[in-house]
Amino acid sequence: MGISKSISKSMKSSSWIRAMFEEGEKLKKQYGPENILDFTLGNPITEPPREFKEELAKIIASDTKGMHRYMTNSGYEFVRQEIADYCKEKTKLPFSKDNIIMTVGAAGGLNVVFKALLDPGNEVIVPNPYFVEFMFYIGNHGGVMKLVDTKNDFHLDIGKIEKAINKKTKAVLINSPNNPTGVVYNEEELKELASVLRKKRENGQRIFLIADEAYKKLIYNGTVLPDVFNIYEDTIVVTCHSKDLGLAGERIGYIAASPAIQNINPLMDAMIFSNRILGFINAPALMQRIVGKFQNTSIDIMEYQVRRDAIYDILVESGFEVIKPLGAFYIFPKSPMPDDIQFVRELQKHHILGVPGIGFGRSGYFRLAYCVEMDVIERSRKYFNEFAK
Amino acid sequence: MIISNKIQKLIANQEGWTRRMFEEGIKIKKMYGEEKVYDFSLGNPDTEPPEEVQKTLVETLSNPVKGMHRYMSNNGYEDVREEIAIYLGEQHGVPFTANHIFMTVGCAGGLNILFKSMLSKGDEVIVPSPFFWEFKNYIENHGGAMRLAQTKKDFQLDIEKIEKAITKKTKAVLLNSPNNPTGAVYSEESMKGLVGLLNTKRAQGQDIYIICDDAYKKLVYDGFQLPNLFALYDLVYAVTSHSKDLALPGERIGYVAISPRIPDYELMVSGLMISMRTLGFVNAPALFQRIVGKFQRSSVNIGEYAKKRDVLYEILMEAGFECVKPMGAFYLFPKSPVPDELEFVRTLQQEERIMVVPGRGFGRKGYFRIAYCVPMEMILKSREGFIRIRKRYMKR
């Protein structure tokens, strides 16, 4: 066999995803892709802001010497300084360029963090439902993911998290705004979490809070994302510009480690080293040059908010039980039948493609990604309404 | 300690002398000024991308297309893969299709997803030594073990040593030709010897793959032709990047080419997709994928590198160093005048302000590596220093 045992296991365990994907492709061929309403992919549809595109064209036209060469593994110094300035302004904490590492997206950043932190058997607590890739990012580096169910409203269940902590716990990984639920954790629950972690720290166990903030700017109705850096000291934020600048395919993001982390140098060194040996080497050079200047920019989030409102209305009017999401571009309604895979198959018969909740560790739900053309959402109304009957 | 023990050990083992030399180097540069220090330690080419690459970039970005920065399939844009498949088909006379090409985040990214997809815990990969030290990390990242096989005096493959290194757990042989650090290009003869050996193993029921790190494949001199490995052996993966031939190292763009003769290669493509995703690469950077497909036949000016090699080689000969004349890449790997090359390299740095890398950084003590991807002027200016230091060591 030419492939490794672990990869062949991953392939088998995700076979139902493939099966559903192939069914979807079949439907698209059969009825024409325009007649299939595909809500399965978190592939942001928005284009980068105009100023961004102009700046990109300008930089490339300048033909600066050496702009495509290697730089230090942590990224260009001036870019890290720009990002540190932004973090400093946001948090009022003394960020310097040395707290920032440029990465190949948030996925690359999380792999770097876990490679640097985890020894075999170390545990990372992840609130459930969760983005299934987290399991791989942790497992890749010998770690073990420990799922902890969230409450009915998908907010953190601090009691359960506290119970899940043991001697092997090295980190808690949160993702807010959340994929798949769209929930945004509030300041209060994060403070409770911090006090649990601080208690452990007093007993000599250091547990890191790792925040995947890939969706940090996609947040609606004026909600403010709590500043985790000011809530807990041992915090590492991983983010990317896939969503806020519409650059998913360019693979650009960064790690920001709190200035409050004691003895931070070995940690930064280990992450920079991991960035190298995992084969990223450095974040793509050209995109680095630009994103530093656009830390305060974002695509028009109203585009997403109107979509959220539309899909939420449709689901409610069709009688689905669903929590109105405050961020990201996902909605996670309850499946009307307990078997969510069967339900998603039923949906397919009505030309709607979604992902069963089991794909995010929570059966009995399904996820719709509403980063699609408005027209797709509108056309889904008829089919969802049919379900109501 | 807050970081993983594994990483801590790796950093401690590898970075000890590197870091010390690096820091000494910075001090020397500060003391004498950058222009009076001759830094041959880095494989960071000073060349710019070919003019047409730059032109295409400007055109592409002044006429943005909707969706050009979005995610695509994990293996990359189909039209780009198609362009590369056509090029490789012409080069190797083997029927590549778009499905045999997998766009990656450079060569380093390509090797990591390949090892992740191939290696089960304890599987072994044979690497001819001296070798690019990162190979060890790439293999161990995914639970594999590296087994070194020393090359011959001229740095060509020693087939007998490779044969001895093969065990039941051997999954692959990793070749890097043109080679970092030696500049050797493996001859058709040594490739055929290796293929003969692996075909014997295959007949006995053990499939051993050849993985070629082709990062330097266009940097070959004197009209030498790289052996066509895809025609010689069935189980071949070639990993390449456009860091050197198109001078785009910072942009992280490359690909894996999967031999169409590998049975069930589709399974490997699925495996690579999962590894690409889960290791966090997700896909090769979109913009540069669009560019490189069109430039498979292009290259930076090879003649310039050949000239630099000739001048530096002459200098080393004149000074009295022992050195195999390299056929490719941009490295020379001369013998150190004393067995403890670390001591020699530090003296060279301190007394002549010439910075090179000790051979132990590539698994071979008693040698040192010179990276000549630097301005010609620096090579010329370093001449006296090489001559002086060699004389000084002759007196010892």
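Since we're looking at a predicted model, the values are computed, not measured.

1. Describing the overall build of chain A
Along chain A, the regular secondary structure elements total 13 helices and twelve strands. Taken against the 2.2 N^0.38 rule, which gives 21 Å for 389 residues, the C-alpha radius of gyration of chain A at 21 Å falls within 12% of a compact globule. Counting only C-alpha atoms and orienting by the principal axes, one finds that chain A spans roughly 60 × 55 × 55 Å. Considering only intrachain contacts with a sequence separation of at least 6, the fraction spanning at least 24 residues in chain A is 73%.

2. A closer look at the overall build of chain B
A count of helices and strands for chain B gives 13 helices and twelve strands. By principal-axis analysis of the C-alpha atoms, chain B measures approximately 60 × 55 × 55 Å. By residue count, 51% of the 396 residues in chain B fall in the buried class. The long-range share in chain B, meaning contacts at least 24 apart out of those at least 6 apart in sequence, stands at 74%.

3. Some thoughts on the domain arrangement of chain B
All names here are of chain B. Assigned domains of chain B: these are domain 1 (5-49 + 301-394) and domain 2 (71-295). Domain 1 and domain 2 are separated by 27 Å when their C-alpha centres are compared. Across the contact, 25 residues belong to domain 1 and 28 residues belong to domain 2. At the level of secondary structure, the elements contributing two or more residues to the side of domain 1 that touches domain 2 comprise α11 (302-319) and β9 (331-332). At four residues, the largest contribution of residues to the side of domain 1 that touches domain 2 is made by α11.

4. Points about the interface of chain A and chain B
Taken together, the contact between chain A and chain B spans 61 residues of the former and 61 residues of the latter. For the side of chain A that touches chain B, the secondary structure elements donating two or more residues are α1 (5-13), α3 (50-62), α5 (105-117), α6 (133-139), α9 (265-277) and α10 (285-291) of chain A. Residue classes in the side of chain A that touches chain B are distributed as 32 nonpolar, 16 polar and 13 charged.

5. Remarks on the domain arrangement of chain A
Residues and elements named next belong to chain A. According to the domain assignment, chain A contains domain 1 (5-48 + 300-388) and domain 2 (51-294). Using only C-alpha atoms to locate each centre, domain 1 and domain 2 end up separated by 27 Å. Facing 25 residues of domain 1, the contacting portion of domain 2 comprises 30 residues. Elements with a minimum of two residues in the side of domain 1 that touches domain 2: α11 (302-317) and β9 (330-331).

6. Concerning the nonpolar core
In this structure, Val113 and Ile255 of chain A together with Ile210 and Tyr372 of chain B are the most contacted members of the largest nonpolar core, which totals 238 residues. The greatest single-element share of this core, amounting to eight residues, is contributed by α5 of chain A. Not counting the four nearest positions on each side in its chain, Val113 of chain A is found in contact with Ile210, Ile236, Val238, Ile255 and Met271 of chain A.

7. Brief notes about the environment of Ala283 of chain A
Position of Ala283 of chain A relative to the elements: it lies in the loop between α9 and α10. What Ala283 of chain A contacts, discounting residues up to four positions off in sequence, is Gly75, Met102, Thr103, Val104, Ile252 and Gln288 of chain A.

8. Considerations on the confidence of the model for chain B
On average, residues of chain B score 94 in pLDDT, and 99% of them are at 70 or above. Two numbers describe this predicted complex: its pTM, 0.96, and its ipTM, 0.95.

9. Some remarks on the sheet that holds β9 of chain B
All names here are of chain B. Spatially, β9-β12-β11 is the arrangement adopted by the three strands of the open sheet, whose pairing is antiparallel. In the strand order of this sheet, the two ends are held by β9 and β11 (357-358), each with one partner. Looking at chain direction, β9 and strand β12 (residues 368-371) are connected through two bridges and run antiparallel. Bridge assignment links Tyr331 to a residue of β12, and that residue is Ala371.

10. A look at the pairing of strand β8 (residues 254-258) of chain B
Side-chain direction in a regular strand flips from residue to residue, so the side chains alternate between the two faces of the sheet. Residues and elements named next belong to chain B. Across the five residues of β8, five count as buried, placing the element largely inside the fold. Judged by which residues are buried, β8 turns out to be covered on both faces: Gly254, Val256 and Ile258 on one side and Tyr255 and Ala257 on the other are all buried. As defined by bridge partners, strand β2 (residues 101-104) adjoins β8 across four bridges and the pair is classed as antiparallel. The residue of β8 that forms the bridge with Met103 is Tyr255. Note that strand β7 (residues 236-241) and β8 share five bridges and pair antiparallel. Opposite Ala238, over in β8, you have Ala257 as the bridge partner.

11. Considering unusual backbone geometry
Cis peptide bonds are those with omega within 30 degrees of zero, and the linkage from Ser176 of chain A to Pro177 of chain A qualifies with -5°. Within the secondary structure layout, Pro177 of chain A lies in the loop between β5 (169-175) and α8 (187-202). The step from Ser177 of chain B to Pro178 of chain B runs through a cis peptide bond, and the omega angle for that step is -5°. Residue position: Pro178 of chain B is located in the loop between β5 (170-176) and α7 (188-203). The backbone phi angle of Val282 of chain B is positive, close to 70°, even though this residue is not glycine. Along the chain, Val282 of chain B turns up in the loop between α9 (265-278) and α10 (286-292).

12. A few points about the pairing of strand β4 (residues 145-150) of chain B
Residues and elements named next belong to chain B. Taken together, the six bridges between strand β3 (residues 124-129) and β4 define a ladder with parallel strand orientation. When the sheet's bridge partners are listed, Val127 is paired in β4 with Leu148. Traced from β3 through helix α5 (residues 134-141) to β4, the parallel crossover comes out right-handed.

13. A closer look at α8 of chain A
All names here are of chain A. The terminal C-alpha atoms of α8, which comprises 16 residues, lie 22 Å apart, in line with the 22 Å expected from a rise of 1.5 Å per residue. The set of residues buried in α8 consists of Leu190, Leu193, Ala194 and Leu197. One face of α8 carries all of its buried residues, which in axial projection span an arc of 105°. Looking at α8, the residues exposed on the side facing more than 90 degrees away from the buried face are Glu188 and Glu202. On its buried face, α8 is in contact with α7 (158-164), β5 and β6 (208-212). Looking at the residues trailing α8, positive phi occurs at Gly204, about 90°.

14. Some points on the packing of helix α4 (residues 106-118) of chain B against α5 of chain B
Each packed pair of helices is defined by two parameters, the angle between the axes and the distance between the axes. All names here are of chain B. Viewed as axis vectors pointing N to C, α4 and α5 meet at an angle of 35°, and their least axial separation amounts to 8 Å. As for how α4 packs across α5, the hand of that crossing is right-handed. Contacts between α4 and α5 involve Ala108, Leu111, Asn112 and Phe115 on the former and, on the latter, Glu134, Tyr138, Ile139 and Asn141. Tallied by class, residues from the contact of α4 with α5 come to five nonpolar, two polar and one charged.

15. Some details on the sheet that holds β5 of chain A
Residue and element names in this part refer to chain A. As summarised here, the arrangement of the seven strands in space is β2-β8-β7-β6-β5-β3-β4, forming an open sheet in which the pairing is mixed. The open sheet terminates on both sides in strands that have one partner only, identified here as β2 (100-103) and β4 (144-149). In this sheet, adjacent strand axes meet at a mean angle of 20° when their direction is disregarded. As paired elements, β2 and strand β8 (residues 253-257) share four bridges and run antiparallel to each other. Paired with Thr103 across the two strands is Gly253, which belongs to β8.

16. Let's talk about the environment of Arg69 of chain A
When you line up the elements, Arg69 of chain A lands in the loop between α3 and α4 (77-91). On the basis of neighbour counts, which here come to 19 C-beta atoms within 10 Å, the residue Arg69 of chain A falls in the partly exposed class. Remark: the alpha-carbon pair of Arg69 of chain A and His350 of chain A, spanning 281 residues in sequence, is separated by 51 Å. Non-local contacts of Arg69 of chain A, meaning those with residues more than four positions away in its chain, are made with Asn44, Pro249 and Gly250 of chain B.

Analysis parameters
- Residues numbered from 1 in each chain as written.
- Chains lettered and ligands numbered in written order.
- Predicted model: local features only at pLDDT ≥ 70, side-chain atom pairs only at ≥ 80, totals over all residues.
- Helix = DSSP H or I, 4+ residues; strand = E, 2+ residues; numbered from the N terminus.
- Rg over C-alpha atoms; globule rule 2.2 N^0.38 Å.
- Contact = placed C-beta atoms within 7 Å.
- Buried ≥ 20, exposed ≤ 12 C-beta atoms within 10 Å, placed from the backbone.
- Domains from an automatic or database assignment.
- Nonpolar A, V, L, I, M, F, W, Y, C, P; charged D, E, K, R; others polar.
- Core = buried A, V, L, I, M, F, W, Y, C linked by C-beta atoms within 7 Å.
- pLDDT = per-residue confidence, 0-100.
- Pairing = 2+ DSSP bridges.
- Right-handed = clockwise from strand over helix to strand, strands pointing away.
- Expected span 1.5 Å × (residues − 1).
- Arc of directions from axis to C-beta.
- Axes fitted to C-alpha atoms, helices over the stretch in contact; angles between N-to-C directions.
- Left-handed = near helix turned anticlockwise from the far one by under 90°.

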